[in-house]
Amino acid sequence: MKVLEKFNFKTLYAVYPMSAVVATAYDGENKAVMSLVWYTPLSFDPPLYGISVSPKRFSHDVILRARAFAVHYFHYEHSDFVEKVGSTSGRFIDKYKEFNIDFFLSPLRNPIIKGAFLALDCYYTEHFTLGDHTLIVGEIQRVYYDENFVEVKGDYILLKDKRTVFYAGMGEYITSDPKTLIKLRKV
Ligand SMILES: Cc1cc2nc3c(=O)[nH]c(=O)nc-3n(C[C@H](O)[C@H](O)[C@H](O)COP(=O)(O)O)c2cc1C
């Protein structure tokens, strides 16, 4: 294998494709909406979820002021929406108006976007500065889902159509091919 001792993480697109989600928040004055690939579930119990947000994003301070955020998962057909909210800033435009975002406010006052198949309604628990990003951790209080895409079987919340949005870098999007699905363990 060849090696690069010097690299720019910003352009290290070989780590993609990565699943992309959309975070929202409302601080009582401003509504945030941004795309994310740097996110991670962190704990089963309590159900903790982390998002890594650059302080340069308008959404960064909105989320910290709101002390809550929601994370949305979309079907691949909504890739253009993920691109639009991830390439424009709430500092300059009202993305909710500009992109006709249909939403309602959760009990945590998070905007829940209606086109998502899954939305995790989180309240803020803590945040850490990690290099040039902030890892914002929230606890999931409730889960919204679209029955057309998600089915609930007992404790299991299952995705029927796995063609979700993946960011491939360089402004490109891709999804998974259901034909490649293999079951390697009986659950
Ligand atoms: C697919 C995609 C994934 C992104 N992932 C992240 C991320 O994980 N963290 C981050 O801080 N910004 C990420 N961004 C950039 C922000 O979404 C983008 O800067 C957005 O315009 C910020 O909006 P705001 O200024 O209204 O908060 C991503 C953008 C795209 C298109």
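All of these numbers come straight from a predicted model, not from anything done at the bench.

Undergrad: Before we move on, can you summarise the nonpolar core with the specific residues and values?
TA: Judged by nonpolar contacts, the single largest core of 25 residues is most densely connected at Tyr-49, Ile-51 and Tyr-73. Put simply, the parts of the chain that give this core at least two residues each are β2 (21-26), β3 (31-36), β5 (48-53), α1 (58-66), β6 (68-73) and β9 (118-130). When near neighbours in sequence (up to four residues on either side) are disregarded, Ile-51 contacts Ala-23, Leu-36, Trp-38, Tyr-39, Ile-63, Phe-69, Val-71, Thr-134, Leu-135 and Ile-136.

Undergrad: If you had to explain the site of the ligand to someone new, which residues and values would you point to?
TA: Taken together, 22 residues surround the ligand, and among them Trp-38, Ser-59, Thr-88, Ser-89 and Gly-90 come closest. In this structure, a nitrogen atom belonging to the ligand sits 2.9 Å away from a main-chain N or O atom of Ser-52. Within the complex, 90% of the 640 Å² of free accessible area of the ligand lies under protein. Broken down by secondary-structure element, the contributors of at least two residues to the shell around the ligand are β3, β5, α1 and α2 (79-85). If one sorts the elements of the shell around the ligand by residue count, β3 sits on top with three residues. Classifying every residue of the shell around the ligand gives nine nonpolar, ten polar and three charged.

Undergrad: Hey, could you go over unusual backbone geometry for me, with residue numbers and the actual values?
TA: The linkage connecting Tyr-16 with the following residue, Pro-17, adopts the cis geometry, with an omega of 10°. Turning to its location among the elements, Pro-17 is positioned in the segment before β1 (18-19). The omega torsion across Asp-45 and Pro-46 is 5°, close enough to zero to call that bond cis. Structurally, Pro-46 is set in the loop between β4 (39-43) and β5. If you check the backbone angles, Asn-100 has positive phi at about 45° while not being a glycine.

Calculation rules
- Residues numbered from 1 in each chain as written.
- Predicted model: local features only at pLDDT ≥ 70, side-chain atom pairs only at ≥ 80, totals over all residues.
- Heavy atoms only, no water.
- Core = buried A, V, L, I, M, F, W, Y, C linked by side-chain atoms within 4.5 Å.
- Buried < 20%, exposed > 50% of the residue type's maximum accessible area, 1.4 Å probe, protein only.
- Helix = DSSP H or I, 4+ residues; strand = E, 2+ residues; numbered from the N terminus.
- Contact = heavy atoms within 4.5 Å.
- Near = heavy atom within 4 Å.
- Polar contact = N/O pair within 3.5 Å; in protein donor to acceptor, adjacent residues only side chain to side chain.
- Areas by Shrake-Rupley, 256 points an atom, 1.4 Å probe, with all protein chains shown as cover.
- Nonpolar A, V, L, I, M, F, W, Y, C, P; charged D, E, K, R; others polar.

Everything listed here is a matter of coordinates, which is why it stays silent on function.
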